[in-house]
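# Examining the three-dimensional arrangement
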Amino acid sequence: MRPAIRAAVPAVALALAVAACSTQPPAERPARGSATSPGGAAATPGTPGTGDAAAPTLRAVLTTPTDIDLSWRRGASGALGHVLEFATEEAGPYTVLQYLPPDVTAYRHPDLMPRTTFFYRLRTFDGPASAPVDVSLPPGEPTTEDQESGHDWLPPRRDPGRSAPGRPIRSGGAAAPSGLKAAVKHANGIHFSWTDHASDEEGFLLEARPRGGSAYAPVAVLDPDINSCGLITLPTEKRASYRVRAFTYGARSNVPRLTTGEPAADER
């Protein structure tokens, strides 16, 4: 799994690479968790933020002075995935580390700032997805002509002509995006467009399943009401199946708190 959903316009704090579909989910005040002293081995899970069995239980362990390992037990919601976030203040703002498929239950947050307190939370997400489309890109890297032609097709956009009367996410398939199209722009670029049928989505996830892969995973996140965007692919995504999901957030975990220590002298 890549370390993060890719960057776009506007850029997200979590982004590590080169894509055009992204946004940062809205920050909200987290539930109160329990603390450990600096250098402690593990953060006490605390009380789930939603107070119900659907909430995932999140655990954080300081495995080295500057590496934190996170793991969780899925709640009873049956959600289609989780979004993992961190902050250096309990009240936020929170920054996304990763949108994760449901079978992923661990994550390492490495090389952190010494003597700094970190707060973590996990939120479920759910919502209906479009029918998939298969894409095969030609071999090679973008040419000089590709680069000089500009990337007007990359930024996420809303086209009123591709917005249908809205349905709530809870209505299921009726709120799923439809008519997903993938236009190959060059050897590493795809432009996606679809019709938005949801009325209350908190965003869209572009998901990919590499050729021969067994599961879809989020590769980009978009604002509500968006119905087109471009993607600069990674090598594994040049031959892949893609779909887009309208989503809302659900149950929220407890908020573990950990304080990093002092790195060893040979690591400074």
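Residues numbered from 1 in each chain as written. Predicted model: local features only at pLDDT ≥ 70, side-chain atom pairs only at ≥ 80, totals over all residues. Heavy atoms only, no water.

Along the polypeptide, Val 221 turns up in strand E13 (residues 217–222). Linking Val 221 and Phe 204, residues 17 residues apart in sequence, is a C-alpha distance of 5.8 Å. (Helix = DSSP H or I, 4+ residues; strand = E, 2+ residues; numbered from the N terminus.)

To continue, consider the nonpolar core. Across soluble globular proteins, nonpolar side chains have a tendency to be buried as a group. Phe 192, Trp 194 and Tyr 242 are the most contacted members of the largest nonpolar core, which totals 23 residues. Elements with a minimum of two residues in this core: strand E8 (133–136), strand E11 (189–198), strand E12 (203–210), E13, strand E14 (228–232) and strand E15 (239–252). Those residues in contact with Phe 192 that lie beyond four places of it in its chain are Leu 180, Lys 181, Ala 182, Leu 206, Asn 227, Ser 228, Cys 229, Leu 231 and Tyr 242. Judged by nonpolar contacts, the second largest core, of 17 residues, contains Leu 58, Leu 70, Val 104 and Tyr 107. (Core = buried A, V, L, I, M, F, W, Y, C linked by side-chain atoms within 4.5 Å. Buried < 20%, exposed > 50% of the residue type's maximum accessible area, 1.4 Å probe, protein only. Contact = heavy atoms within 4.5 Å.)

What follows concerns the pattern of salt bridges. Taken as a whole and judged by the stated rule, the model has 7 salt bridges. A salt bridge links Arg 123 to Glu 85; the nearest nitrogen and oxygen atoms lie 2.9 Å apart. Residue Arg 123 is found in strand E7 (residues 117–126), and its partner Glu 85 is found in strand E4 (residues 81–87); the two are separated by 38 residues along the sequence. Side by side, Arg 123 and Glu 85 carry an identical accessibility label, which is buried. (Salt bridge = Lys/Arg side-chain N within 4 Å of Asp/Glu carboxyl O.)

Let us now look at the packing of aromatic side chains. Considering all chains together, one arrives at 7 aromatic pairs under this definition. On the numbers, 6.0 Å between centres and 70° between planes, the contact of Tyr 99 with Phe 247 is edge-to-face. Of this pair, Tyr 99 sits in strand E5 (residues 95–100) while Phe 247 is found in strand E15, placing the two residues 148 residues apart along the sequence. Owing to a relative accessible area of 1%, Tyr 99 belongs among the buried residues under this scheme. Between Phe 125 and Phe 247, the ring centres sit 5.9 Å apart and the planes meet at 65°, which makes this aromatic pair edge-to-face. Remark: Phe 247 occurs in strand E15 and Phe 125 occurs in strand E7; sequence separation between them is 122 residues. Note on Phe 125: relative accessible area 2%, which makes it buried. Classification of Phe 247 as buried rests on a relative accessible area of 0%. What links up through ring pairs into an aromatic cluster is the set Tyr 99, Phe 125, Phe 247 and Tyr 249. Cation over ring: Arg 243 sits above Tyr 216, and NZ or CZ is 3.9 Å from the ring centre. (Phe/Tyr/Trp six-rings, centres within 6.5 Å; stacked < 30°, edge-to-face > 60°. Lys NZ or Arg CZ within 6 Å of the ring centre and 35° of its normal.)

Look at the link from Gly 92 to Pro 93: it is a cis peptide, with omega at 10°. With respect to the element layout, Pro 93 can be found in the loop between E4 and E5. Unusually for a residue other than glycine, Arg 115 sits at a positive phi of about 50°. In this structure, Arg 115 sits in the loop between strand E6 (106–109) and E7. Classification of Arg 115 by relative accessible area gives exposed; the value is 57%.

Within E12, 6 of the 8 residues are buried, which leaves it mostly tucked inside the rest of the structure. As paired strands, E12 and E15 are joined by 8 bridges and run antiparallel to one another. Each bridged residue has a counterpart across the sheet, and for Pro 210 the counterpart in E15 is Ala 240. The turn joining E12 and E13, which pair antiparallel and follow one another in sequence, is formed by 6 residues; a positive phi near 90° is taken by Gly 212. (Pairing = 2+ DSSP bridges.)

Bringing the environment of Leu 112 into the picture now. Mapped onto the elements, Leu 112 comes out in the loop between E6 and E7. Leu 112 sits in the buried class, given a relative accessible area of 9%. Each C-alpha atom of the pair Leu 112 and Thr 259 lies 10.0 Å from the other, and the pair is 147 residues apart in sequence. Residue contacts for Leu 112: discarding those within four places in its chain leaves Thr 66, Ile 68, Phe 118, Tyr 120 and Thr 260.

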